[in-house]
Amino acid sequence: MLEVHQLASAYGRIEVLHGIDLHVARGEIVTIVGSNGAGKTTLLRALSGVQPMRAGRIVFEGRQIEKDAAHRRVQLGLAQVPEGRHVFAPLSVQDNLLLGGWTRPAADRRREIEGVYELFPALAERRTQHAGSLSGGQQQMLAIGRALMSQPRLLLLDEPSMGLAPVLVDQIFALLPRLKARGLTVLVVEQNAYAALAAADRGYVMETGRIVASGAASELMHDPSVREAYLGLAAEPAAPLAGAVA
Ligand code: ATP
């Protein structure tokens, strides 16, 4: 569904992404984990078209899109949930959602908004409330709901767990399989590597603008260097030798 070839991006003269290659297959949940400043947000923003690229190609559903403007990429089926949610605080929950569906005909918007309220009943109860008065978890749901309103096929999620209490982090990650069941493909970047890898099918590890490891999420969770550097866990003890005497 998505193929990224040798993507490079810079802030002024300082290059922060140095030739990223990755792919996402339809129906997968893929995560990119890595520490603060690795370049995860820059990468997602380059994919959605709000961060300029210095080099590389992005192919989405067989179409080269790196020259398409951000709004065009939304129309093509790619939507981003930004880090820090960025809901429109003075607007109601309902109006935030309707804005997310601006590319869709009115009938689609009405249908889709009911789908979002079904997914997030807490938003349905608060539809007339100002978005700025919602809790952090509810704002994260609203930011995801707003992105879903454009009926994307690929959802780009940036740090959905940021600033949330552990119980809410669990709720947000429990949502990913439900989105997958609705036919969505998800690319999620996270500092909370454990929660992200536990929810994902595959993962990439990023370090200072480069992909340094990739594989099935379950394999990465058992990789000793990933466990130590990103999961805060000791490497697993080696299996005892067959026939060893205690
Ligand atoms: P975080 O989880 O903290 O958002 P990240 O992995 O998403 O980290 P980025 O935010 O993409 O990383 O940052 C990658 C690099 O680019 C860092 O060195 C950062 O300091 C730098 N950077 C990010 N935004 C800007 C900017 N607007 N101007 C200049 N440098 C920037």
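The shown structure was predicted, so the numbers you read here are calculated from the model rather than taken from an experiment.

With that out of the way, let us pick up the nonpolar core. Grouped together as the largest cluster of nonpolar side chains are 47 residues, with contacts concentrated most on Leu-123, Ile-144, Leu-155, Leu-176 and Leu-179. When sequence neighbours within four positions are dropped, the list of residues in contact with Leu-123 reads Val-93, Val-116, Tyr-117, Leu-134, Gln-138, Met-141 and Leu-142. Counting residues in hydrophobic clusters, the runner-up holds 26 residues, among them Leu-17, Val-24, Ala-46 and Leu-76.

Our next topic: the environment of Leu-155. By the element assignment, Leu-155 lies in strand S7 (residues 154–158). Exposure remark for Leu-155: the relative accessible area of 0% places this residue in the buried category. In sequence terms Leu-155 and Val-81 are 74 residues apart; their C-alpha atoms lie 7.6 Å from each other. The residues touching Leu-155, leaving out its near neighbours within four places in the chain, are Ala-79, Val-81, Ile-144, Ala-147, Leu-148, Leu-179, Leu-184, Thr-185, Val-186 and Leu-187.

Turning our attention to the pattern of salt bridges. Under the definition given, this model contains 11 salt bridges. Taking the shortest distance from any N to any O, the salt bridge between Glu-159 and Lys-40 comes out at 4.0 Å. Residue Glu-159 is located in the loop between S7 and helix H7 (166–181), and its partner Lys-40 is located in helix H1 (residues 40–48); the two are separated by 119 residues in the primary sequence. When sorted by exposure, Glu-159 lands in the same class as Lys-40, which is buried. We note a salt bridge from Asp-68 to Arg-63, for which the minimum N-O separation is 3.5 Å.

Below, the discussion takes up the packing of helix H3 (residues 93–100) against helix H6 (residues 136–148). Angle between the axes and distance between the axes are the two parameters that describe a pair of packed helices. One can describe the packing of H3 onto H6 by two numbers: an axis separation of 7 Å at closest approach and a directional angle of 35 degrees. In the packing of H3 onto H6, the handedness of the crossing is right-handed. Here H3 contributes Val-93, Asn-96, Leu-97 and Gly-100 to the contact with H6, which in turn contributes Leu-142, Gly-145 and Arg-146. Here the residues of the contact of H3 with H6 are counted per class, giving 3 nonpolar, 3 polar and 1 charged.

Of all 9 residues that make up H1, 7 are buried, and the element is covered over most of its length. Of all the positions in H1, only Lys-40, Thr-42, Leu-43, Leu-44, Ala-46, Leu-47 and Ser-48 are classed as buried. Of the residues trailing H1, Gly-49 is marked for its positive phi of about 95 degrees.

Let us look at the sheet that holds strand S8 (residues 185–190). The sheet built from 6 strands is open, its strands ordered S6-S7-S8-S3-S9-S10 with mixed pairing. Strands at the two margins of the open sheet, each flanked by one partner only, are strand S6 (78–81) and strand S10 (210–216). Each strand of the sheet is rotated relative to its neighbour by a mean of 15 degrees, with strand direction disregarded. Set on the sheet, H6 makes contact with S6 and S7; between it and S6 the angle comes to about 165 degrees. Sheet strands in contact with H7 are strand S3 (29–33), S7 and S8, and its direction is about 160 degrees off that of S8.

For the rest of this paragraph, the subject is the layout of surface pockets. In this structure, the largest pocket spans a volume of roughly 540 Å³. Surrounding the largest pocket, 23 residues form its lining, Val-74, Ala-79, Gln-80, Pro-82 and Arg-146 being those nearest its centre. Only H1, helix H2 (70–76), S6, H3 and H6 provide two or more residues apiece to the lining of the largest pocket. No other element matches S6, which puts 4 residues into the lining of the largest pocket. Split by residue class, the lining of the largest pocket holds 12 nonpolar, 7 polar and 4 charged.

Okay, the sheet that holds strand S5 (residues 63–64) next. With respect to topology, 4 strands assemble into an open sheet ordered S2-S1-S4-S5, the strand pairing being antiparallel. Sheet topology places strand S2 (14–24) and S5 at the edges, where each strand pairs with a single neighbour. Inspection of the sheet shows strand S4 (residues 55–60) paired to S5 by 2 bridges, in the antiparallel sense. For Val-59, the partnering residue across the bridge sits in S5 and is Gln-64.

Cut-offs and rules
- Residues numbered from 1 in each chain as written.
- Predicted model: local features only at pLDDT ≥ 70, side-chain atom pairs only at ≥ 80, totals over all residues.
- Heavy atoms only, no water.
- Core = buried A, V, L, I, M, F, W, Y, C linked by side-chain atoms within 4.5 Å.
- Buried < 20%, exposed > 50% of the residue type's maximum accessible area, 1.4 Å probe, protein only.
- Contact = heavy atoms within 4.5 Å.
- Helix = DSSP H or I, 4+ residues; strand = E, 2+ residues; numbered from the N terminus.
- Salt bridge = Lys/Arg side-chain N within 4 Å of Asp/Glu carboxyl O.
- Axes fitted to C-alpha atoms, helices over the stretch in contact; angles between N-to-C directions.
- Left-handed = near helix turned anticlockwise from the far one by under 90°.
- Nonpolar A, V, L, I, M, F, W, Y, C, P; charged D, E, K, R; others polar.
- Pairing = 2+ DSSP bridges.
- 1 Å grid on protein atoms, 1.4 Å probe; cavity = no way out; pocket = protein on both sides within 12 Å on 5 of 7 lines; lining within 4 Å.
- Points joined across faces, edges and corners; volume = space filled by probe spheres on them.

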